[in-house]
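Here are the chains, one letter per residue:
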Amino acid sequence: MSKKEFPGNMISNYGDEIPGSQVRTAPSKRERKLKSEESRGNSGNGCDSKPGNHHRQSRYTRLQTMDETSQVHDLVIVGAGLAGLAIAAAMHKIGVNSVILEQSSTLRSTGAALTLWSNAWRVLDALGVGDQLRRMHPLITGIRMRNMQGELLKGFQLEESPGGHTETRCVERKILAQTLASVLPKGTIRFDSRVVSIARESESGPFQLALSNGSLVRSKILIGADGVNSVVAKWMGLAPARYAGYMGIRGLAEYQEEHSHEFALTQYIGSGTRIGILPTSRTRVFWFLVYNKAHPDAKYTDPKVVKEEMMGHLKGFPEVLRDMLDRTPMETLSRAPIMDRWNLPGRAPVVQNCVSLAGDAFHPMTPNLGQGGCCAMEDSIALARTLGPVLVHGGNPNPRVISEALEEYAAERNRRTLVVTVISFILGFLLMIAFRPFVYLRDNYLLPKFFTRTTFLSQTLYDPGQLPDTKTVAK
Ligand SMILES: Cc1cc2nc3c(=O)[nH]c(=O)nc-3n(C[C@H](O)[C@H](O)[C@H](O)COP(=O)(O)OP(=O)(O)OC[C@H]3O[C@@H](n4cnc5c(N)ncnc54)[C@H](O)[C@@H]3O)c2cc1C
């Protein structure tokens, strides 16, 4: 099998290729040689010899471990973010078991909260958790665009949106993740399981995932839902996501009493700086700050440093925002570079033989439309509809049939998400303008005249459809 036929045959977490990833089950003469090399301190491949790599196994050791790991799962998902959890929930609902490998030791809630629009609520309803989440998160009723001084540039109510009322709620990530996880069978999520390398036993044979905890997991189908810096996407040969030129800081303010913020998405737009606020409940308010920066800062940093930086960016904005920051517990603060990737058809290998991607790993997008997480969850319905029937039928599905189902899934999702990614990027370009004469033009002409409900809300009308009928699927 040539490298061209199967790009990135085996690539470590650091992106370096490991030659010869064909795997056999019993130690051969060559493997015995490797073993003796190992005992002389030469582990013999790029991944294992990387300094600081905790997963310092030689290929020989790995093969030995695989002997002990005879189980081959049908479906393994890397990452228990919104995409991974929603996929496992959708599959479970139609009777397909899956395993999620998550690097963290608990469900992550980085980013504090997020806006979920109608398209996401359709997914959550299909997964059977919509009403549970609705009870905890009131409706957001309007959108307000204000300038730095707080003057209204444009505003509208969401019930006046094209195509009918746009259901919008700002949902706490922790609650969303826990709710999705609660519908999964026990043991679906394996925590402390960071995937450090991926190999294939043969061209269409099982995937072999080496984990940071030293174990190996084998699977017929692999879905990378491991976020914007996905190791699966890297292994498949996709280009890394591109920095959009601005950073995002997020937090969740807590009030002792009921806060007085309007249940609206309010954005204060400055010159190369933008602040958004949305209540998640009567006592909690999610906020985000986006600011231009030529080069991205480190993703996570000391919350105290993030807070100081945030204070610097608040100069000139209404005082109420400073008060909100003071009410924000440090542990809810996070900072991330804003990234995207345009998967142009034929240019991005988002699906290969029995492997594909979901969520930010597939279609990282800027957050200007608040659609990244919504689209990540939409993926779950499309995947259950295309791949689900192949797996529900049971037996030993043919890799060709699996690949055809994944091709259908990836094509459908790319058609949808490429449009959202591009619109979101353009909107970000407009909202992040820093050159004063253009800021004036934007605030006085472009936003009031051309920022319509349709521009902002058309993407929320998307209907991801229903899960396949289990009775039909099981026939
Ligand atoms: C400032 C900002 C505001 C946003 N606002 C919104 C919004 O309002 N609405 C909206 O819908 N979206 C919003 N988004 C986008 C949204 O946060 C993402 O699109 C969404 O979280 C993607 O989910 P995911 O599951 O694909 O990835 P992630 O949430 O990144 O989850 C990936 C998971 O994979 C795990 N993982 C990574 N590598 C490995 C590995 N090697 N092995 C095992 N596990 C691994 C991680 O620990 C993580 O749990 C916003 C984003 C930003 C930056």
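Residues numbered from 1 in each chain as written. Predicted model: local features only at pLDDT ≥ 70, side-chain atom pairs only at ≥ 80, totals over all residues.

This paragraph deals with the overall build of the protein chain. Within the protein chain, the regular secondary structure consists of 15 helices and 18 strands. Counting across all 475 residues of the protein chain, residues that qualify as buried make up 45%. Counted over contacts in the protein chain with a minimum sequence separation of 6, partners at least 24 positions apart contribute 76%. (Helix = DSSP H or I, 4+ residues; strand = E, 2+ residues; numbered from the N terminus. Buried ≥ 20, exposed ≤ 12 C-beta atoms within 10 Å, placed from the backbone. Contact = placed C-beta atoms within 7 Å.)

As a further point, take the sheet that holds strand S16 (residues 334-340). Ordered in space as S6-S5-S13-S14-S15-S12-S16, the seven strands form an open sheet in which the pairing is mixed. Edge positions in the open sheet fall to strand S6 (152-157) and S16, since each of these has one partner strand only. Each strand of the sheet is rotated relative to its neighbour by a mean of 15°, with strand direction disregarded. The sheet contact formed by strand S13 (residues 264-269) and strand S14 (residues 273-279) spans four bridges and is antiparallel. Within the sheet, the bridge partner assigned to Thr 266 lies in S14 and is Ile 277. In the packing of helix H8 (residues 303-313) onto the sheet, contacts are made with strand S12 (242-254), S14, strand S15 (284-292) and S16, and the angle to S15 comes to roughly 75°. (Pairing = 2+ DSSP bridges. Axes fitted to C-alpha atoms, helices over the stretch in contact; angles between N-to-C directions.)

Residue placement: Ser 424 occurs in helix H12 (residues 399-431). Measuring from C-alpha to C-alpha, the distance between Ser 424 and Asn 368 comes to 5.3 Å, with 56 residues separating the pair along the chain. Once residues lying within four places of it in the same chain are set aside, the contact partners of Ser 424 are Met 365, Thr 366, Asn 368, Leu 369 and Gln 371.

For strand S11 (residues 216-224), a buried count of seven out of nine residues is recorded, marking the element as mostly surrounded by other parts of the structure. Relative to S11, strand S2 (residues 72-78) is paired through six bridges, and the arrangement is parallel. Looking at S11, one finds that Ile 77 is bridged to Ile 223. Adjacent in sequence and paired antiparallel, strand S10 (residues 207-211) and S11 are bridged by four residues, among which Gly 214 carries a positive phi angle near 95°.

Core analysis: the largest hydrophobic core is formed by 117 residues, its most contacted members being Ala 86, Ile 87, Ala 90, Val 232 and Ala 358. Counting residues per element, this core draws most heavily on helix H3 (residues 82-93), which supplies nine residues. Contacts of Ala 358, omitting those with residues within four sequence positions, involve Ala 83, Ile 87, Ile 223, Ala 225, Ala 376, Asp 379 and Leu 383. (Core = buried A, V, L, I, M, F, W, Y, C linked by C-beta atoms within 7 Å.)

Another point: H3. Relative to the 16 Å expected for 12 residues at 1.5 Å per residue, H3 spans 16 Å between its end C-alpha atoms, a close match to the ideal helical length. With 10 of its 12 residues buried, H3 lies for the most part within the structure. Within the sequence span of H3, burial applies to Leu 82, Ala 83, Gly 84, Leu 85, Ala 86, Ile 87, Ala 88, Ala 89, Ala 90 and Met 91. Two residues or fewer past H3, Gly 95 is found with a positive phi of approximately 90°. (Expected span 1.5 Å × (residues − 1).)

With that settled, the discussion passes to the site of the ligand. Taken together, 36 residues sit near the ligand, with Gly 79, Gly 81, Gly 227, Gly 359 and Gly 372 positioned nearest. Looking at the shell around the ligand element by element, the count peaks at four residues for helix H10 (residues 372-386). Broken down by class, the residue content of the shell around the ligand amounts to 16 nonpolar, 14 polar and six charged. (Near = placed C-beta within 6 Å. Nonpolar A, V, L, I, M, F, W, Y, C, P; charged D, E, K, R; others polar.)

A few words now on unusual backbone geometry. Positive phi is not limited to glycine here, since Asp 192 has a value of about 50°. Relative to the assigned elements, Asp 192 resides in the loop between strand S8 (189-190) and strand S9 (195-200). Given 13 C-beta atoms within 10 Å, Asp 192 falls into the partly exposed group. Positive phi, normally seen in glycine, also occurs at Cys 354, with a value near 65°.

For His 137, the position within the fold is in the loop between helix H5 (130-136) and strand S5 (142-147). Exposure remark for His 137: the 20 C-beta atoms within 10 Å place this residue in the buried category. Each C-alpha atom of the pair His 137 and Ser 281 lies 5.7 Å from the other, and the pair is 144 residues apart in sequence. Once residues within four sequence positions are removed from consideration, His 137 is found in contact with Arg 169, Cys 170, Val 171, Thr 280 and Ser 281.

Let us now look at the confidence of the model for the protein chain. Here the protein chain averages 84 in pLDDT, while 82% of its residues score no lower than 70. Contacts of residues 1-68 to residues separated by more than four positions or lying in other chains number 94 contacts, the stretch itself having pLDDT below 50. (pLDDT = per-residue confidence, 0-100.)

Close contact between H10 and H12 brings their axes to 9 Å; oriented N to C, the two are set at 155°. Overall, the two elements H10 and H12 adopt an arrangement that is roughly antiparallel. Along this stretch, H10 crosses H12, giving a crossing that reads as right-handed. Across from Cys 375, Asp 379, Ala 382, Leu 383 and Thr 386 in H10, the residues of H12 making contact are Ala 405, Glu 408, Tyr 409, Glu 412, Arg 413, Thr 417 and Val 420. Taken together, the residues of the contact of H10 with H12 break down into six nonpolar, two polar and four charged. (Parallel < 35°, antiparallel > 145°, perpendicular 65-115°, else oblique. Left-handed = near helix turned anticlockwise from the far one by under 90°.)

Among the seven residues of S14, seven are classified as buried, and the element is accordingly described as predominantly covered. On S14, burial covers both faces: Thr 273, Ile 275, Ile 277 and Pro 279 on one face and Arg 274, Gly 276 and Leu 278 on the other are all buried. Here S13 hands over to S14 after three residues, with Gly 272 in that stretch at a positive phi of 75°. Sheet analysis places S14 next to S15, joined by seven bridges and oriented antiparallel.

Moving on: the packing of helix H4 (residues 118-126) against H10. Between H4 and H10, the shortest axis-to-axis distance is 9 Å and the interhelical angle comes to 40°. Looking at the two axes, H4 sits oblique to H10. The way H4 lies across H10 gives a crossing that is left-handed. Of H10, the residues touching H4 (which contributes Asn 119, Ala 120, Val 123 and Ala 126) are Cys 374, Met 377, Glu 378, Ser 380 and Ile 381. Per-class residue counts for the contact of H4 with H10 are six nonpolar, two polar and one charged.

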